[in-house]
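This is what each chain is made of:
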Amino acid sequence: MIRPFLAGAVFLFASACASPPDALSEPDEAAEAATIAALLQAQDDAWNKGDIDGFMKGYWPSGELRFASGGNVVRGYAATLARYKVRYPGREGMGELTTSDYEIDILSEDAAIAHGSWRVTTAEGGSDGLYTLVLRKMDGQWLIVSDTTTSSE
């Protein structure tokens with residue numbers, strides 16, 4: 001009877017003493033959010049030059065990258081790049097990309113979530129939707145480690 005009580009007391013004491021991850025100051029959070037917004041803008045710029053490889057520089061170059069869209073999950077940087085090249089062949093097929101409505105939440109010094117809207121306009125028309133990105137800061141650089149993109153179609 002005393003052992004469960006003691007174990008519970010030790011757990012509660014340890015929980016009370018545990019501190020949350022270091023929070024960033026408001027100016028630091030704003031600076032990190034601005035860095036992520038710049039990454040997203042650089043992706044738009046690369047896309048609009050017809051440079052899918054440049055666009056992909058915002059993604060984690062790992063086999064563990066996760067990309068979900070259209071009810072499918074693609075795993076890995078190479079598979080994600082190949083998917084983009086098939087879905088958007090050549091400069092004309094890529095059209096013009098505009099992302100907007102950024103909502104960037106800095107979770108910690110090395111983790112963030114970004115939400116936003118996207119629109120691709122081509123000669124045949126356009127498509128649009130929403131995205132949620134999970135980003136990690138690795139070696140001083142924010143990279144997308146998971147991308148969930150939806151289409152309004």
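You'll find the structure just up there.
Overview of the structure. The model shown is predicted, which means the values in this text are computed figures rather than measured ones.

Side note on the overall build of the protein
Here comes step 1: The helix and strand tally for the protein stands at five helices and six strands.
Here comes step 2: What you see in the protein, going N to C, is helices and strands ordered as α-α-α-β-β-α-α-β-β-β-β.
Here comes step 3: Relative to its full complement of 153 residues, the protein shows a buried share of 35%.
Here comes step 4: Taking the intrachain contacts of the protein between residues at least 6 apart in sequence as the baseline, contacts between residues at least 24 apart amount to 49%.
Here comes step 5: Accessible area of the protein: about 9300 Å², with a carbon and sulfur share of 58%.

Some points on the packing of aromatic side chains
Two measures describe an aromatic ring pair: the distance that separates the ring centres and the angle between the ring planes.
Here comes step 1: Per the stated rule, a full pass over the model turns up eight aromatic pairs.
Here comes step 2: Between phenylalanine 55 and tyrosine 84 the ring centres are 5.2 Å apart and the planes differ by 80°, which places this aromatic pair in the edge-to-face class. Here phenylalanine 55, found in helix α3 (residues 52-55), pairs with tyrosine 84, found in helix α4 (residues 77-87); they are 29 residues apart in sequence, far enough to count as distant.
Here comes step 3: Taking the relative accessible area as the measure of exposure, phenylalanine 55 reaches 7% and is therefore buried.
Here comes step 4: Feature note: the residues Trp47, Phe55, Tyr59, Phe67, Tyr84 and Tyr88 constitute an aromatic cluster, connected by ring pairs.
Here comes step 5: Its guanidinium or amino end placed over the ring of tyrosine 84, arginine 83 lies 5.8 Å from that ring's centre, counting from NZ or CZ.

Some points on the sheet that holds strand β5 (residues 125-138)
Here comes step 1: The six strands are arranged β2-β1-β6-β5-β4-β3 in an open sheet whose pairing can be described as mixed. Only two strands of the sheet have a single neighbouring strand rather than two, namely β2 (72-75) and β3 (96-108). Mean inter-strand twist for the sheet, computed between neighbouring axes without regard to direction, equals 20°.
Here comes step 2: Bridging between β5 and strand β6 (residues 141-151) involves 10 bridges; their strand directions are antiparallel. When the bridges of β6 are listed, leucine 130 appears paired with threonine 150.
Here comes step 3: Each of β3, β4 (111-122), β5 and β6 touches helix α2 (residues 26-48); the most contacted strand, β3, lies at about 155° to it.

Quick notes on the rules
- Think of each chain on its own: its residues are numbered from 1, step by step along the sequence as written.
- Residue-level local features of this predicted model are given only where pLDDT is at least 70; pairs of side-chain atoms are given and counted only at 80 or more, and the full residue set underlies all totals for whole chains, interfaces and linings.
- Values reported for side chains reflect all heavy atoms of the structure, with hydrogen atoms and water molecules removed beforehand.
- Secondary structure elements follow DSSP: runs of H or I no shorter than four residues count as helices, runs of E no shorter than two count as strands, and numbering proceeds from the N terminus.
- Partly exposed residues are those whose accessible area sits between 20% and 50% of the maximum for their type, while under 20% is buried and over 50% is exposed, using a 1.4 Å probe and protein chains only.
- We call two residues contacting when some pair of their heavy atoms lies within 4.5 Å.
- Only the protein chains shown count as cover for residues, with accessible areas throughout obtained via the Shrake-Rupley method and a probe of 1.4 Å.
- Two aromatic rings, drawn from Phe, Tyr or Trp (for Trp, its six-membered ring), form a pair once their centres lie within 6.5 Å of each other, and the interplanar angle then sorts them: stacked below 30 degrees, edge-to-face above 60, tilted otherwise.
- Over a ring means this: the NZ of a Lys or the CZ of an Arg is within 6 Å of the ring centre and within 35 degrees of the ring normal.
- Paired strands, as defined in this entry, are two strands with at least two bridges between them according to DSSP.
- For helices, the fitted axis covers only the stretch in contact; all axes are lines through C-alpha atoms, and the angles between them, taken along N-to-C directions, range from 0 to 180 degrees.

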